Structures are given as structure tokens and as C-alpha cells.
Amino acid sequence: MERMTNSAAQLLLEIPDRETLDRALHMAVAAVVDEIPHYPGALYLRPTLFGTEEDIGAAARPSSKVRFYVLTSPVGDYFAGGLKPLRVKVDDQAMRSTPNFGAVKTGGNYAAAMRQVVRAQRELGADQVLFAPGGEVQETGAANFILIEGDELLTKPLDGSILPGVTRDCILTLAREAGLKVSERNFTVEELLERAPRGEAALTGTAAVLTPVGTLLYGGREITVGDGGMGAWSAGLREQLCAIQSGVAEDPHGWRVPLRAT
Ligand SMILES: Cc1ncc(COP(=O)(O)O)c(C=O)c1O
């Protein structure tokens, strides 16, 4: 909700207050609670906000009217076919978004990235594109990126160019607790390619939780990450987060929210 509120502010859209947003989400879940599939299925929530002012000439003005709704959809096991390490193209030219708009959750960012992703799929059989404009590693089209090598977990800091992922935050917290040195700093494609063969790389996001990257595709080369499979740190962090999400493990950080009736 905080991310949505921040995104709405960047888009100059009015948004309901936090209490109303929370209530809308709880009401939406309560309305379909009997249809939520059992874990590892889930109920996907997509609160949505868009401008609706009927004014064809208002291209340079914010919309004075908005519509807000919460879309709910049952989703199956994202990994029903097994957890296959991804092939990820590293693109050191294209931008996923603009420097300050990368932290905004808005449809335009996905539309902008889509062409690169589809091209990488067609030409290289890649699953995703890791955007690294100017040689600085950012994130993929719909997930944050982490590298683990030695005792360090490395990921880009939240500087406005990447989406502040909730899963990223959870994984960094669990990694710190597990004894990894978490470095939120800028790093280059060169450092990534040098360290990846000895380490682990993964994408983090709501749907993917933590999905290993097995191969990086760059400049006509295929670089195997670790042994190409899921590394021990990745497997452990993923399992821990899933256990908290599904209620199997304790929730010391208060990440689970009890459903309110109204
Ligand atoms: C561009 C982008 N980065 C990162 C994420 C991961 O964010 P979260 O962990 O909050 O799902 C998403 C997914 O929402 C995304 O679309």
C-alpha cells in the first residue's frame, strides 16, 4: 500500500487514504475467501488505480477523477513444472524505465520493457532480461535481482531506478539473519560476470518468491552461474520465506496480516 501510494503521488493521481485502502483489500479477500486455493496456490491481489477524467485535451494535466478497484484472482502453483533455473539475458544498453520512474509501479514501465524481453526470448531462448543500462546492474522486467558470492549478498540499492520489492526486503532480512553480509550498492556487469560462476544469482518477487538464475547470456556468451542449478543459499532462503508465508514457520517480523472481517 505504501508503494501504491508513492506511485500514485508520482503519477499525480488522487488515492484513497491508507485506512480505506487497507479496508478495501480486506473486503476483497473476505468476499472470495472460500475460493482461495490451498498453498502453494494462492490468491493474487492486484489493487489498481487509474485516471478517468473525460477530457481529450487533458494530456498535460493530471486526471481530476480516478477509479480504484482490487482485482482478486486464484493462482496455481507457479512452479508446477518444477523449479527450473532461468536463462537471463544481460542487457547493458536498454533501460527498463527512466531513472526516477523505475520505483513507480505503473503499466507504462512494463510496456516499455516488453519489447526487449520478447526479443531476448525469441533470439536467445531467454526467460528474462536483466537491465543494466550503461553497464550498471538494475533488475529484470518484473523482479529484483540478487547475487550471492562468498559471504556477500549483493543487490542494487533503492535509488529510484528499481522497484522497491517487498520480497527483496524479506529476502535481505532473512539473509542478514542467516549471517550473510548484505550489500546494497551499485555493481557492474563486469563484476557480475566475474563472480557469478563461483556464486548464486536469483530473482525475487511476489510470484517468483526466489527463483534461481542458472545461465547469464551476454555478448554472445553463456555464463553458467555456480553449477547451473539452485545454490544452497537460494534454496534455504526460499524455503524459509515460503514457510513463513504459508504459516508453517513463526512470523517474527509480522509479515503475515490477519484477515479483518470488515
Ligand atoms: C519491476 C519489478 N521489480 C520487482 C518486483 C518485485 O516486487 P515484489 O517483491 O514486491 O513483488 C516486481 C513485481 O511486482 C516488479 O514488477
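Residue numbering note: each chain is counted from 1, following its sequence as written. This being a predicted model, a pLDDT of at least 70 is required before a residue's local features are given, and a value of 80 or more before pairs of side-chain atoms are given or counted; all residues contribute to the totals for chains, interfaces and linings. Think of the side-chain values as coming from all heavy atoms in the structure, minus any hydrogens and water.

What follows concerns the packing of aromatic side chains. Where two aromatic rings form a pair, the distance of their centres and the angle of their planes describe that pair. Aromatic pairing here means that ring centres of Phe, Tyr or Trp (its six-membered ring) are within 6.5 Å. Orientation follows from the plane angle: under 30 degrees is stacked, over 60 is edge-to-face, and everything else is tilted. Inspection of the entire model under this criterion finds one aromatic pair. Measuring from centroid to centroid gives 6.0 Å for Phe50 and Tyr69, while their planes differ by 75°, and the two rings are edge-to-face. Of this pair, Phe50 sits in strand S1 (residues 42-51) while Tyr69 sits in strand S2 (residues 66-75), and the two are 19 residues apart along the sequence. Under the DSSP-based scheme used, a helix requires at least four consecutive residues in state H or I and a strand at least two consecutive residues in state E, with every element numbered from the N terminus.

The next thing to look at is unusual backbone geometry. Following Tyr39, the chain continues to Pro40 via a peptide bond in cis, the omega torsion being 10°. Of note, Pro40 is situated in the loop between helix H2 (18-31) and S1. Positioned with a positive phi, Leu12 is a non-glycine residue whose angle comes to about 55°. Notably, Val209 is not glycine yet its phi reads approximately 55°, a positive angle.

This paragraph deals with the domain arrangement of the protein chain. As used throughout, domain bounds are those supplied by an automatic or database domain assignment. As assigned here, the protein chain comprises domain 1 (2-75) and domain 2 (86-245). Listed as interface residues are seven residues of domain 1 and, on the opposing side, 11 residues of domain 2. The junction of domain 1 with domain 2 conceals about 770 Å² of combined surface from both sides, 60% of it contributed by carbon and sulfur atoms. By convention, the term buried area covers the 1.4 Å-probe accessible surface removed from two parts as they join, with the contributions of both added. Of all residues in domain 1, the largest losses of buried area upon contact with domain 2 belong to Arg3, Leu11 and Tyr39, amounting jointly to 58% of the total for that side. Counted as salt bridges are all cases of a side-chain nitrogen of Lys or Arg within 4 Å of a carboxyl oxygen of Asp or Glu. Connecting domain 1 to domain 2 are zero salt bridges. Any N or O atom pair separated by 3.5 Å or less is treated as a polar contact, with the protein-specific requirement of one donor-capable and one acceptor-capable atom, and with residues adjacent in sequence counted only for side-chain atom pairs. On inspection of domain 1 and its partner domain 2, the count reaches two residue pairs in polar contact (both at pLDDT 80 or more). The dominant element in the side of domain 1 that touches domain 2, judged by the number of residues it contributes, is helix H1 (residues 2-10), at three residues. Two residues qualify as a contact provided that any one of their heavy atoms is within 4.5 Å of a heavy atom in the partner residue.

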